[in-house]
Amino acid sequence: MNKTGIVIILLCFLAAAAVVLWNRRKVRKTMEEIERMLDAAMTGSFSETNFNERRLSALETKFAHYLSAAETSSRNVAQEKDRIKTLIADISHQTKTPIANLLLYSELLMEETLPVSAKANVEALYNQSEKLRFLIDSLIKLSRLENGIISLSPQRSALQPLLQGIAEQYAAKVSEKGLSLQLQDTDAFAVFDFKWTAEALANIVDNAIKYTEHGTIRISAVSYEMFARIDISDTGSGIPESEQAKIFARFYRSNSVQKQEGVGIGLYLARQIISGEGGYIKVASVPGKGSTFSIFLPK
């Protein structure tokens, strides 16, 4: 091969190498630009105000449009959450005073000397007003949790003060019904939001008392390597196996308990709270013998 041929081959090789290097630089530049876009999107500062199609590749262009749409969607979600927050606050404010007045005037009427029939009607009015207050309070709590208006703040804490507080809260109600409440002391720790976990446990204990006519309510805790388990057991009517998967649904109430007071929110709210803390709830029950609700909280 003569010198001219060798020179041509070398030139072709150099040209090919130059193209490869140029393409690599272009790809690297594109990837760097995409990485910058992602960083901006994650911090919520992405903007197309400096967008220049002559400088960006087709991939960068499409990615920029996608991130811009995502940023718009995120703003819309935030605005909608603000509207829901305002609506919930309005409902809470607008209903609190009328319901408080209904309860107050009902109590005042019950203190008066009334015919037996009238007194029964006033008591019914008071009970229904109290039920309405509980329903609206529960719905507002649930809406705030579901829409992220209320944020849980789990911290590693001892379970004994939490369980002791629940036992003291329901001691009078248990005594009035002629039941026994047993609390087993524990040295277990877990990661949970004290206020909202107390709300979840209170709903479960309240149900246990409601559906137990005779016997005992037991509260205990066991510590494992990854979780702490709280058991709330009763000797009540129990839950059929066919319904055990349904009882945590919103507004679900079994036909067998329709005569009992309740709106079917308590267990759903409890599950939402415990799930938000990284835990979960299980139930084991035998109809006619009682139920055990087990709450697993991360350690």
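Preceding this section is the structure that the text describes.
Residues numbered from 1 in each chain as written. Predicted model: local features only at pLDDT ≥ 70, side-chain atom pairs only at ≥ 80, totals over all residues. Heavy atoms only, no water.

Student: I tried to follow the overall build of the protein chain on my own but got confused; where do I start?
Tutor: Within the protein chain, the regular secondary structure consists of six helices and seven strands. Listed N to C, the secondary structure of the protein chain is α-α-α-β-α-β-β-α-β-β-α-β-β in terms of helices and strands. Each of the 299 residues in the protein chain was classed as buried or not, and the buried ones make up 34%. If you take every contact in the protein chain between residues at least 6 apart in sequence, the share linking residues at least 24 apart comes to 70%. Counting every atom, the protein chain has about 18600 Å² of accessible surface; 56% of that belongs to carbon and sulfur. (Helix = DSSP H or I, 4+ residues; strand = E, 2+ residues; numbered from the N terminus. Buried < 20%, exposed > 50% of the residue type's maximum accessible area, 1.4 Å probe, protein only. Contact = heavy atoms within 4.5 Å. Areas by Shrake-Rupley, 256 points an atom, 1.4 Å probe, with all protein chains shown as cover.)

Student: I tried to follow the packing of helix α4 (residues 160-176) against helix α5 (residues 194-210) on my own but got confused; where do I start?
Tutor: A pair of packed helices is characterised by two quantities: the angle between their axes and the separation of those axes. Between α4 and α5, the shortest axis-to-axis distance is 10 Å and the interhelical angle comes to 35°. Considering only the axes of α4 and α5, their crossing is right-handed. Within the contact between the two elements, α4 uses P161, L162, L163, I166, Q169, Y170, K173 and V174 and α5 uses F194, T197, A198, L201, A202, V205, D206 and I209. (Axes fitted to C-alpha atoms, helices over the stretch in contact; angles between N-to-C directions. Left-handed = near helix turned anticlockwise from the far one by under 90°.)

Student: Explanation requested: the sheet that holds strand β5 (residues 227-233) in the structure shown.
Tutor: Two modes of strand pairing occur in sheets, parallel and antiparallel, and in both the strands are linked by backbone hydrogen bonds. If you walk across this open sheet you meet the five strands as β2-β4-β5-β7-β6, and the pairing is mixed. Each edge of the sheet is formed by a strand with only one pairing partner; in this case those strands are β2 (180-183) and β6 (280-286). Direction aside, neighbouring strands of the sheet carry axes that sit 15° apart on average. Relative to strand β4 (residues 216-223), β2 runs parallel, the two being bridged by four bridges. The residue bridging L181 from the neighbouring strand is I217, located in β4. (Pairing = 2+ DSSP bridges.)

Student: Could you clarify how one ought to interpret the packing of α5 against helix α6 (residues 266-276) in this entry?
Tutor: Across the interface, α5 lies against α6 with an axial gap of 9 Å and an inter-helix angle of 150°. Considering their axes alone, α5 and α6 lie roughly antiparallel with respect to each other. Between α5 and α6 the crossing geometry is left-handed. Contact residues: W196, T197, E199, A200, N203, I204 and N207 in α5; G266, L267, L269, A270, I273 and I274 in α6. Looking at side-chain class alone, the contact of α5 with α6 contains eight nonpolar, four polar and one charged residues. (Parallel < 35°, antiparallel > 145°, perpendicular 65-115°, else oblique. Nonpolar A, V, L, I, M, F, W, Y, C, P; charged D, E, K, R; others polar.)

Student: When you look at the pattern of salt bridges in this model, what are you seeing that I'm missing?
Tutor: Oppositely charged side chains may form a pair once their charged atoms are brought near each other. For the structure shown, the criterion picks out six salt bridges. Of the charged contacts, one joins E130 and R133 as a salt bridge, the two residues approaching to 2.3 Å between their closest N and O atoms. Here E130 pairs with R133, and both are found in helix α3 (residues 116-146), just three residues apart, close to one helical turn. By relative accessible area, E130 is classed as partly exposed at 26%. D137 is the partner of R133 in a salt bridge, and the nearest nitrogen-oxygen pair spans 2.9 Å. With R133 and D137 both in helix α3, this residue pair falls four residues apart, about one helical turn. D137 sits in the partly exposed class, given a relative accessible area of 31%. Shared partners join several salt bridges into a network, and the residues in it are E130, R133 and D137. (Salt bridge = Lys/Arg side-chain N within 4 Å of Asp/Glu carboxyl O.)

Student: I would appreciate a short explanation of the environment of E241 in the present structure.
Tutor: Note on placement: E241 falls in the loop between β5 and α6. For E241, a relative accessible area of 69% gives the class exposed. Note: C-alpha distance between E241 and S285 (44 residues apart in sequence) is 7.5 Å.

Student: Would you take a moment to explain the side chain of S233 for this structure?
Tutor: Checked against the element boundaries, S233 lands in strand β5. A residue is classified by how much of its surface remains accessible, and S233, at 17% relative accessible area, is buried. Of note is the side chain of S233, whose polar atom sits 2.9 Å from the side chain of T292. What S233 contacts, discounting residues up to four positions off in sequence, is T216, I217, R218, S291 and T292. (Polar contact = N/O pair within 3.5 Å; in protein donor to acceptor, adjacent residues only side chain to side chain.)

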